[in-house]
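# Coordinates in review
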Amino acid sequence: MSTPVGIVLVSHSAQLAAGLRLLVEQIGSAAVPVVTAAGTDDGGIGTSYGLVLNAIKDADRGAGVLVLPDLGSSVLTARTVLDDHPRPDAVIVDAPFVEGAVAAVVAAASGADLHTVVKSAEEARHVRKL
């Protein structure tokens, strides 16, 4: 199998991100690097620039990195990190946090390229539950 796209889950809550990581690791594959950047540096609720920057580096295996924030300041923090450290192989995605993460990990586990993984996460917005 080729090197998979890495996934970074950016959240205000370390517990929320850790739970989602457990879920997608069971659905996807252990081969897909899923890294969380959640909470503040001291463990509180919020988003840390340094945690996001390090998570992108940790998730990178050479096939690109999809960055999926939950809401509000996590979006702003992730965008700021990518603006300050631009790289064509790291993409922030506007997708639902849970559904987008599941779709991205499934696509990455199948060996899809970054563009396809991004598209899969974005399309998760349109999947009906009922």
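Throughout what follows, the structure given in this document is the object of discussion. Please read these numbers as outputs of a predicted model, since none were measured by experiment.

Bringing the sheet that holds strand β3 (residues 65–69) into the picture now. Spatial ordering of the open sheet is given by β2-β1-β3-β4, a layout of four strands whose pairing is parallel. If you trace the sheet from one side to the other, it starts and ends with β2 (34–38) and β4 (90–92), each paired once. Across this sheet, the average inter-strand angle for adjacent strands is 20 degrees, counted without regard to direction. Sheet topology places strand β1 (residues 6–11) next to β3; five bridges connect them, and they run parallel. Following the sheet pairing, I7 is matched in β3 by L66. Relative to β2, helix α1 (residues 14–27) is tilted by about 170 degrees, and along the sheet it contacts β1 and β2.

A few words now on the environment of D70. Tracing the chain through its elements places D70 in the loop between β3 and α3 (73–84). By relative accessible area, D70 is classed as buried at 17%. A sequence separation of 54 residues divides D70 from L16, and the C-alpha atoms of the two residues are 9.7 Å apart. Those residues in contact with D70 that sit more than four places away from it in its chain are V10, S11, H12, L16 and F97. A distance of 2.7 Å separates the side chain of D70 from the side chain of S11, its partner in a polar contact.

The subject of this paragraph is the pattern of salt bridges. For the coordinates displayed, the defined rule picks out six salt bridges. Here D94 and R125 are joined by a salt bridge, their closest N and O atoms 2.8 Å apart. With D94 in the loop between β4 and α4 (97–109) and R125 in the segment after α5 (114–123), this residue pair connects regions lying 31 residues apart in the sequence. Judged by relative accessible area, R125 falls into the partly exposed class, the value being 43%. Salt-bridge contacts for K119 lead to E123; the nearest nitrogen and oxygen are separated by 3.9 Å. Residue K119 and its partner E123 are located together in helix α5, separated by four residues, close to a single helical turn. We classify E123 as partly exposed; its relative accessible area is 43%. Residues joined by salt bridges that share partners form a network here, namely D60, R87 and D89.

About the cut-offs
- Residues numbered from 1 in each chain as written.
- Predicted model: local features only at pLDDT ≥ 70, side-chain atom pairs only at ≥ 80, totals over all residues.
- Heavy atoms only, no water.
- Pairing = 2+ DSSP bridges.
- Helix = DSSP H or I, 4+ residues; strand = E, 2+ residues; numbered from the N terminus.
- Axes fitted to C-alpha atoms, helices over the stretch in contact; angles between N-to-C directions.
- Contact = heavy atoms within 4.5 Å.
- Buried < 20%, exposed > 50% of the residue type's maximum accessible area, 1.4 Å probe, protein only.
- Polar contact = N/O pair within 3.5 Å; in protein donor to acceptor, adjacent residues only side chain to side chain.
- Salt bridge = Lys/Arg side-chain N within 4 Å of Asp/Glu carboxyl O.

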